[in-house]
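# Report on the structure
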Amino acid sequence: KFEAVDTGGSYVGWRYRNDLIIDGVLNILGTSGNEVIFTSSRDDVYGGDSNGDGSASRPGAGNWGNIKINNASSTINYAIFRYGGLNRSYRTSSTQYYDTYMLWVNDCSPTISNCQFEHAYEKAIYYYADQNYDSTPQITNNTFVNCPYGIYFQGSSTMSTTPTITGNDISNGY
């Protein structure tokens, strides 16, 4: 069993297209003014010049991959996600595809609240429901800025999927 708990004030600077897959519990328990930061290693706003190149590089949407959650018990509160959302590529006979989301909620029921999502490559939160599980994700009081899709739901679950999505603010997106 894996459980990661962060109570705020941490910074994670991702390298190009890296991701994190959580098959256990992920509890991010930041507070207002003491958020947990997930951003590009090129983003000098948080964490300073973590890649050591001065101002030679600039962050951009899709600099890092995604965080994938596969456990219903996870809680993400007061986190900031910036410049992520472009990861694994795979190819069919004629087309190449990419995972294009910063936070991937995979058939589970986490609570995601009071977070900021900025500069996603495409989808800030991607919820996928295509298994045989009841799910009730809670996505409340989050801010989405410069994310083409703030919250994106997809799937055809045979079980009940009843999300609570309230109090979210989406600007400069679709």
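Quick note: structure is the one above.
A brief report on the enclosed structure follows. (Residues numbered from 1 in each chain as written. Predicted model: local features only at pLDDT ≥ 70, side-chain atom pairs only at ≥ 80, totals over all residues. Heavy atoms only, no water.)

## Considerations on the overall build of the protein chain
Under the convention used in this document: Helix and strand assignments follow DSSP, with helices taken as H or I runs no shorter than four residues and strands as E runs no shorter than two, numbered in order from the N terminus. Shrake-Rupley sampling with a 1.4 Å probe provides the accessible areas, and residues are treated as covered by the protein chains on show and by no other component.
Assigned secondary structure in the protein chain consists of zero helices and 19 strands. If you sum the accessible surface of the protein chain, you get close to 8300 Å²; carbon and sulfur atoms cover 44% of it.

## Re unusual backbone geometry
Of note, N141 is a non-glycine position whose phi angle comes to about 55°, a positive value. Tracing the backbone shows N141 in the loop between β15 (138-140) and β16 (143-145).

## Re the side chain of N142
Condition: For the purposes of these results, a polar contact is taken to be a pair of N or O atoms within 3.5 Å, where, inside protein, one atom must be able to donate a hydrogen and its partner to accept one; residues adjacent in sequence count only when each atom of the pair is a side-chain atom. The contact criterion used is simple: two residues touch if any of their non-hydrogen atoms lie within 4.5 Å.
Inspection of the secondary structure assignment puts N142 in the loop between β15 and β16. Within the structure, the side chain of N142 is placed 3.1 Å from the backbone oxygen of I112, a separation counted as a polar contact. If near-sequence neighbours (up to four positions away) are discounted, N142 is found in contact with I112, S113, N114, C115, F117, G167, N168 and D169.

## Section: the pattern of salt bridges
What counts here: Each reported salt bridge corresponds to a side-chain nitrogen of Lys or Arg within 4 Å of a carboxyl oxygen of Asp or Glu. Buried means the residue's accessible area, taken with a 1.4 Å probe over protein chains only, is under 20% of the maximum for its type, while exposed means over 50%, and partly exposed covers the values in between.
Applying the stated rule across the entire model yields three salt bridges. In this structure, R82 and D43 form a salt bridge, with 2.7 Å as the shortest nitrogen-oxygen distance. Highlighted residues: R82 in strand β8 (residues 79-82) and D43 in the loop between β5 (36-40) and β6 (67-69), separated in sequence by 39 residues. For the salt bridge of R82 with E118, the shortest nitrogen-to-oxygen distance reads 2.5 Å. Note that R82 is positioned in strand β8 and E118 in strand β13 (residues 116-118), a separation of 36 residues in sequence. Residues R82 and E118 agree in their burial class; the two are buried. The structure contains a network of salt bridges with shared partners spanning D43, R82 and E118.

## Digging into the nonpolar core
Worth spelling out the cut-off: Take the buried Ala, Val, Leu, Ile, Met, Phe, Trp, Tyr and Cys residues and link them wherever side-chain atoms come within 4.5 Å; each set so joined is a nonpolar core.
If you look at the biggest cluster of nonpolar residues, it comprises 26 residues, and the most contacted ones within it are I76, F81, L103 and F117. Counting residues per element, the ones that place at least two in this core are β4 (25-29), β5, β6, β8, β11 (101-106) and β14 (123-129). The element that contributes the greatest number of residues to this core is β14, accounting for four residues. Ignoring sequence-local partners within four residues, the contact set of L103 consists of I67, I69, I76, I112, F117, A124, I125 and Y126.

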